[in-house]
Amino acid sequence: MSTIQQDPGSFRDPLSKVFVGDGKVVRAFTDMGAKDIDAVWKKKSMQRALESGDLIESTIVEPSSVGLSAPWVSAMTHPLVPFISYPYEWTFSMLQDAALLQLKLSRAALTDGIGVKDATPYNVQFIGSRAQFIDAGSFEVRRKGDPWYGYQQFCEMFLYPLMLQGYLGVGFQQMLRGSVNGISIDTMRKLLPASVLHPRKGRLTHVVLHAAAQKRYADSNVDIKSQAAKSGLNAQVLDATMKKLEGIVAGINLGDKKSTWSEYSERGHYIESSLDEKQKFVRDAVASAPRKQVWDIGCNDGVFSRIASAHSDYVVAMDADPLVIDRLYNTLKAEKNEKILPLYVDLTDSGGGVGWRGQERPGIFNRGKPDIVMALAVIHHMAITFHVPLASQLDMFHDLSPELIIEMPHADDPMVKKLLTNKRDGIHDDFNLAEFERLLEARFTVKSKMLLSSGTRTIFYAIRK
Amino acid sequence: MFSYLDAASGSMIITAIAGGMAGLGVAVKMWTARVKSKITGKPMPEFDSSAEDDSSSSHD
């Protein structure tokens, strides 16, 4: 009896589905899908992608060996991705790298007579800082005359979000979180004006003409596919298109270089003389037992993520500032770090499930269970700036993780005072150490705590009751 | 053989145009064929993809 279950997010491709369970991921193919994958799998481009790790490790197995039967005639197993992340949690550089990977694999496939069915960033995952394509079912035998089926999707889910950020300085994440289909052609046409001072490469063709062509042929029943094929729309032309897109994507730059928290570590008023003792406290707590997964909430430049990484299998490093995460990603990427996954996550607004029935892409709390959570220099921001009560924060940590390392700034901490500057007197009087300890001890057993030498912060290591 | 996404007509034309010179030739041919069809009143000849299907070999 199979204990693997179909992934709720795997339903769009009728020829292949993903099943998860028993510590593995299985991709199963129907008869038609199996014929396609059999025909393309031994090709050089596919083997190269597997060897380089651009394509997820895949082992072809008998469906019966993983508990599957008809209509599944072929199957492959993949290793579990340590933590599934979504494009709306990625930064500019991450989406850019995912886009370049999509184009690289699509171009290589074309030279082998292979087509790629789609072009969605949901087919890419990050193993730490390394982008990897995870949808082996995306590849199919390409028939002469086939267009690039994923072109519109590539624009809406990769190119337009990057243009939005790079050309307008507007973060794409909220829009991708709002729609699993990305930014529509029509929306992008309205959002992105021309600029004489700052020419926007790719705008004319991929936005303006694309929108005009869509409008022109919206109600047309002309068989454009046949016409295009007859006129010579072949693999070479599509490869030229993809090559030019590579240039456009690689040429878009993240405009903003500074944000509220990007200079955090260097800012004088917030340099902690107690950093060393805090690091030792965190190290001792994390190293007290083997950890599979650690979440570092409010990770900033990742100092504590790195400490946790030395004593755990995998760290998910989150911060509510995308620029901070973009920097961390590029640093980790330069190191080829595959143990720390940097994500742009604002826990006060992380989003729920999106897509079909709200289950296609579940919210972050339904995608992993950390063994231990670190919340360092973060709860005062959630409490005072975003008005999430301490009790509610501790309830969330209690639901999320069996262990917690948490830093509580006291009412007289300089940053707390700063956050309270323009608040009405008295509305955050319950933000104090005594109340925090009362709430914490109602939910957790405090294993150790330390007053940092700054004298205005206490750090706790606590176990869930 | 079976992409589950539709290639929208407008998007298909842009994939040709965006390919530069090679693609421009495709766009011109498509436009010329449409003009000819309109002038002569004859429908455009159909493209027989199966007859040319040797996709497992190499580029087309």
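Our structure's up above, just so we're on the same page.
Residues numbered from 1 in each chain as written. Chains lettered and ligands numbered in written order. Predicted model: local features only at pLDDT ≥ 70, side-chain atom pairs only at ≥ 80, totals over all residues. Heavy atoms only, no water.

Moving on, we come to the pattern of salt bridges. Residues and elements named next belong to chain A. Scanning all chains against the criterion turns up 22 salt bridges over all chains. In this structure, Arg 107 and Asp 239 form a salt bridge, with 2.8 Å as the shortest nitrogen-oxygen distance. In this pair, Arg 107 is assigned in helix α3 (residues 92–110) and Asp 239 in helix α9 (residues 235–251), connecting sequence segments 132 residues apart. Grouping residues by exposure puts Arg 107 and Asp 239 together as buried. Note that Glu 403 and Arg 291 form a salt bridge whose closest N and O atoms lie 2.7 Å from each other. Of this pair, Glu 403 sits in strand β14 (residues 403–409) while Arg 291 is found in strand β10 (residues 291–297), placing the two residues 112 residues apart along the sequence. Taking relative accessible area as the criterion, Glu 403 reaches 13% and is therefore assigned buried. (Salt bridge = Lys/Arg side-chain N within 4 Å of Asp/Glu carboxyl O. Helix = DSSP H or I, 4+ residues; strand = E, 2+ residues; numbered from the N terminus. Buried < 20%, exposed > 50% of the residue type's maximum accessible area, 1.4 Å probe, protein only.)

Right, let's talk about α9(A) for a bit. An ideal rise of 1.5 Å per residue puts 24 Å on 17 residues; α9(A) measures up with 24 Å between its terminal C-alpha atoms. Taken as a whole, α9(A) has its buried residues at Ala235(A), Val237(A), Leu238(A), Asp239(A), Ala240(A), Thr241(A), Met242(A), Leu245(A), Glu246(A), Ile248(A) and Val249(A). Taken together, the buried residues of α9(A) touch α3, α4 (151–168) and α7 (203–216) of chain A together with α1 (9–17) and α2 (21–40) of chain B. (Expected span 1.5 Å × (residues − 1). Contact = heavy atoms within 4.5 Å.)

Take the environment of Gly53(A) next. Residues and elements named next belong to chain A. Looking at the element boundaries, Gly 53 is found in the loop between α2 (44–52) and β4 (59–61). Classification of Gly 53 as buried rests on a relative accessible area of 12%. Separated by 30 residues in the primary sequence, Gly 53 and Phe 83 place their C-alpha atoms 17 Å from one another. Among all residues touching Gly 53, those that are not within four sequence positions of it are Arg 130 and Gln 132.

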